[in-house]
Amino acid sequence: MDDRMLDTLNPEQRLAVTEPGGAALVLAGAGSGKTRVIAHRIAHLLSARHVSAHSVLAVTFTNKAAEEMRARVLDLLQKPALPFLWIGTFHAMCARLLRADVEALGGPYNRNFTILDADDSAGLVRRLLRDRGVSERNIQPRAVLSAISRAKTEGLSAEAFAEKARGHFFLTVAPVYLAYERQLADSNSMDFDDLLGVALRLLEERPEVRAKYQHQFQHILVDEYQDTNRIQYRLLRVLSEKWGNLFAVGDEDQSIYRWRGADIQNILDFQRDFRGAKVIKLERNYRSTRAILEAANHLVAHNTRRIGKNLWTERGDGGAVRVFAAPSDREEAAYVADSMLSLKARYAWRQMAVLYRTNAQSRTFEEACLNRRIPYQVVGGLKFYERKEVKDVLAYLRAGLNPQDRLAVARILNVPPRGLGATTVEKLAALAEERRTTLVEAIRAAAEEGLFPSRTCTALRGFLDILQGVGKRAAAGGPAAVTQWVLEATGYVAYLAEQGESGPDPEARIENVRELVSAMREFESREGGDLRLFLERQALASDQDELKDGPVDAVRLMTLHAAKGLEFPVVFLSGLEQDLCPHALSSQTEEGLEEERRLCYVGMTRAMDRLTLTWARQRYVFGVVQDRLPSPFLGEIPGGRVEEVHGVERAPMSLLEAAALLDAAEAPKPAPQKVLRVGARIHHKKYGFGIVLALEGSGESQKVTVSFNRFGRKKLLASLAGLDLV
DNA sequence: TTTGGCACAATTTTT
DNA sequence: TTGTGCCAAA
Ligand SMILES: Nc1ncnc2c1ncn2[C@@H]1O[C@H](COP(=O)(O)OP(=O)(O)OP(=O)(O)O)[C@@H](O)[C@H]1O
């Protein structure tokens, strides 16, 4: 059984998989089977070496990769489940460890701690800046947040940071960082960086906890080691100390998260960091055709900070990498979509992917797909759990479970509105401060002591009842039932419905709340009814597609970052323009530029059979046309490996495909010009030319909002204004 | 306190 | 082009 498993590996891979122990680094290029080696090694350890699943920790980069890894191992071992095997991201692993053992630190956290998402953190920083009278104009909350995050990954506490701080920016950040930390501690909450940092502190400071995990993890395996940060490195160090069995795989050419604190030095220094570490190289690429591989290799060879490697393939040439220069971004998308339509004869939708540098680029491609009825799925981007309505509902659950969670309480205190406005909230916050207690305690005190007008006190009591109800019901029922109750008790759905006028599309928002409930049901059927666990999963979940059921046959649209670790037979790498890829904000420094080049390399090496690089001579940015230049990266790929193309990619057309084309041709064309619609150009007697921005109502009472070229925005009654369509 | 309107500013990448 | 925050009016 084990032998058969090893048969599907080449000699170098087999060496890695069966490596007896100690520290080892598999350093290898794209598509050389690193991830495969990890999966096989886990299976090998469990079967041939009789290691208990409980003793193995495998770290992946995303939750999705973790799931896939688990599935692969199960498949290799022909097992239905391996519940004790730890596979997950660093963050998930730390969250799990902290849930079990944070209290050993003796405060300030308890096991019900909340995990803050980026949105919560940003909101808090914004508020703290405002409290200090710092305008967002001068200092961007985002910059503050990333300074704090950077400090945390360097292991710099707020106090240490404040001591070291020099210069206007850092001197502004320092007190905010201090206040931020205090707030989180008081709220029994951790941000993403804290998960790692506090876990590390726990392991370093509590010998009994350290001993427990050091003893448990006889084997630690890490995928994508090139994108680990300093804290993660230290975690691995501590955890692997007893057994010394640390098995890492990575590719320095695919390090693309420096902006998030990843330190490429980790992989470059592996041998120095872990004495006696063995380095294993894999040089055969199993993924891409030769043309694709060589084009990518040539590109990344322009980087200087790399170890360098040979990478070869036995696959055929496979035709040159195509480069398409489109007149505009719309035509770029049209070209890509038409090509996919014609490639459908040979590939399933799901085998094709469109990659881009920024999320904003997805839109044009979505429209192009929509027009042609190409099923597509945007991976990442706008996350389901980040929607306002979803976050509101979750905040009730968070607050019910962790009453110290001040951010959650503050978020929902007056949502839906119950007459507790800004002044009341401020007074409550002051009261909490004065009595050195939590916000919820302050609310309770205020209600009991009648510190506010009676109407306000009644509202406060009502609010407390709901939080209590959540706490009580969470113990008995599953997340879905608790949520259902919250919705009823708060009238939240009705509130959304009323929001009709101002809020965008109330129905979609109500639908999102429903989807949340069904996601919970689904969770319950898989993992049981633990609300705490659900909230943790949700906080760490990245893409929304974890919600959706099963793989659908749809074209994938995603950023280059999101494409890491994946592979597709057909890849379109779009927007290869100067200042976009490489992005203007990263091209300033040589290091930044090299990372952009790696990003491009990652994108190219996702392709198995066909790779097309596209760029547009003109692109809409904020609705304004901009002239664009091709990316310098295009010039770094040798001419022999690329070919300029002009027409749509053709594959032999099947009857089915011809039908699809015809169908698409008949598909919804833009509405006829002569109808008053959003985007229509109009002329007004007095105001001259303008563009319709919005329409409300219909018939006689229809109102039109128009942006006039010379008079700005006006709202008019369509029936009286005498508008001419032009 | 709430609502709606309006100006304005923003886009890198994400656990 | 979208979203957000601020301000004025009810
Ligand atoms: N020995 C092998 N025989 C057949 N196919 C292989 C072998 N090794 C790897 N492959 C295939 O090559 C492809 C790439 O493997 P894998 O994703 O593990 O590579 P990787 O090194 O992790 O890639 P990347 O770093 O680019 O994400 C997969 O489709 C895998 O099945």
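Rules behind the numbers
- Residues numbered from 1 in each chain as written.
- Chains lettered and ligands numbered in written order.
- Predicted model: local features only at pLDDT ≥ 70, side-chain atom pairs only at ≥ 80, totals over all residues.
- Heavy atoms only, no water.
- Near = heavy atom within 4 Å.
- Nonpolar A, V, L, I, M, F, W, Y, C, P; charged D, E, K, R; others polar.
- Polar contact = N/O pair within 3.5 Å; in protein donor to acceptor, adjacent residues only side chain to side chain.
- Helix = DSSP H or I, 4+ residues; strand = E, 2+ residues; numbered from the N terminus.
- Expected span 1.5 Å × (residues − 1).
- Buried < 20%, exposed > 50% of the residue type's maximum accessible area, 1.4 Å probe, protein only.
- Core = buried A, V, L, I, M, F, W, Y, C linked by side-chain atoms within 4.5 Å.
- Contact = heavy atoms within 4.5 Å.
- Phe/Tyr/Trp six-rings, centres within 6.5 Å; stacked < 30°, edge-to-face > 60°.
- Lys NZ or Arg CZ within 6 Å of the ring centre and 35° of its normal.
- Areas by Shrake-Rupley, 256 points an atom, 1.4 Å probe, with all protein chains shown as cover.
- Pairing = 2+ DSSP bridges.
- Axes fitted to C-alpha atoms, helices over the stretch in contact; angles between N-to-C directions.
- Parallel < 35°, antiparallel > 145°, perpendicular 65-115°, else oblique.
- Left-handed = near helix turned anticlockwise from the far one by under 90°.

A. View of the protein's contact with DNA strand B. Every one of the 29 residues lining DNA strand B counts as a neighbour, but Arg142, Arg357, Asn359, Thr423 and Leu585 are closest to it. Across the atoms of DNA strand B situated within 4 Å of the protein, the share located in sugar and phosphate is 55%. For the surface near DNA strand B, the residue count by class is 10 nonpolar, 14 polar and 5 charged.

B. The protein's contact with DNA strand C, seen in detail. Near DNA strand C, the surroundings consist of Arg126, Arg363 and Lys388. Between DNA strand C and Lys388, the relevant distance is 3.4 Å, taken from a phosphate oxygen to a side-chain nitrogen or oxygen of the residue.

C. Spotlight on helix α18 (residues 388-401). For α18, spanning 14 residues, the distance from its first C-alpha to its last is 20 Å, which sits close to the expected 20 Å at 1.5 Å a residue. Extensive coverage of α18 is indicated by the burial of 13 of its 14 residues.

D. Geometry of the nonpolar core. By size, the foremost hydrophobic cluster in this structure holds 54 residues, and its most contacted members are Tyr385, Leu394, Leu397, Ile443 and Leu516. In terms of residues, this core owes the most to one element, helix α22 (residues 454-476), which gives 9 residues. The residues contacting Leu394, other than those within four sequence positions of it, are Tyr385, Leu516, Met520, Phe534, Leu535 and Gln538. Formed by 47 residues, the second largest nonpolar core is a distinct cluster that contains Tyr233, Ala248, Ile267 and Ala277.

E. Spatial organisation of the packing of aromatic side chains. Within this structure, the stated rule accounts for 15 aromatic pairs. Relative to Trp259, the ring of Tyr257 lies with its centre 5.4 Å away and its plane at 40°, an arrangement referred to as tilted. Just above the ring of Trp86 sits the side chain of Arg96; from NZ or CZ to the centre is 3.8 Å. Looking at Lys344, its charged tip hangs above the ring of Trp349, at a distance of 5.2 Å from the centre.

F. Summary view of unusual backbone geometry. The omega torsion across Cys581 and Pro582 is 10°, close enough to zero to call that bond cis. Mapping Pro582 onto the fold places it in the loop between β13 (568-573) and α28 (590-604). The backbone phi angle of Arg373 is positive, close to 60°, even though this residue is not glycine. Within the secondary structure, Arg373 is located in the loop between α17 (362-372) and β11 (376-378). Within the chain, Asp579 stands out as a residue other than glycine whose phi angle is a positive 75°. Residue position: Asp579 is located in the loop between β13 and α28. Asp579 gets classed as partly exposed once you look at its relative accessible area, which sits at 41%.

G. The site of the ligand, seen in detail. As a matter of local geometry, the ligand sits amid 18 residues, with Gln13, Lys34, Thr35, Glu567 and Arg606 nearest to it. A distance of 2.9 Å separates an oxygen atom of the ligand from a polar atom in the backbone of Gly31. A distance of 2.9 Å is found between an oxygen atom of the ligand and a side-chain nitrogen or oxygen belonging to Arg606. Alone, the ligand offers 640 Å² of accessible surface; in the complex the protein occludes 84% of this. Take the shell around the ligand: its biggest share by element is 3 residues, from helix α3 (residues 34-47). Residue composition of the shell around the ligand, by class: 3 nonpolar, 10 polar and 5 charged.

H. Highlighting the sheet that holds strand β10 (residues 352-356). If you walk across this open sheet you meet the 7 strands as β11-β12-β10-β13-β14-β9-β17, and the pairing is parallel. Strands at the two margins of the open sheet, each flanked by one partner only, are β11 and β17 (642-645). Strand after strand, the sheet turns through a mean of 25° between neighbouring axes, direction not considered. Two elements, β10 and β13, share 4 bridges in a ladder whose sense is parallel. From the neighbouring strand, Leu355 faces β13, where its bridge partner is Leu573.

I. Quick peek at the packing of α3 against helix α4 (residues 63-77). Axis separation between α3 and α4 bottoms out at 9 Å; the angle between their running directions is 50°. Relative to α4, the element α3 lies oblique. In the crossing of α3 with α4, the sense of the turn from one axis to the other is right-handed. Contacts between α3 and α4 involve Thr35, Arg36, Ile38, Ala39, His40, Ile42, Ala43, Leu46 and Ser47 from the first element and Met69, Arg72, Val73, Leu76 and Leu77 from the second. Here the residues of the contact of α3 with α4 are counted per class, giving 9 nonpolar, 3 polar and 2 charged.

J. Representation of the pairing of strand β1 (residues 24-28) in the model. Most of β1 is tucked away, with 5 of its 5 residues classed as buried. Sheet topology places β1 next to strand β8 (residues 278-282); 5 bridges connect them, and they run parallel. What sits directly across from Val26, in β8, is Ile280. Direction of pairing for β1 relative to strand β7 (residues 246-250): parallel, over a ladder of 4 bridges. Bridging across to β7, Leu27 finds its partner in Gly250.

K. Layout of the packing of helix α10 (residues 192-205) against helix α12 (residues 230-239). Contact pair α10 / α12: the axes reach a minimum separation of 10 Å and the direction vectors enclose 30°. Between α10 and α12, the angle falls in the class roughly parallel. Along this stretch, α10 crosses α12, giving a crossing that reads as left-handed. Residues Leu196, Gly197, Ala199, Leu200, Leu203 and Glu204 of α10 lie in contact with α12, whose contacting residues are Ile231, Gln232, Arg234, Leu235, Val238 and Leu239. A class-by-class count of the residues in the contact of α10 with α12 yields 8 nonpolar, 2 polar and 2 charged.

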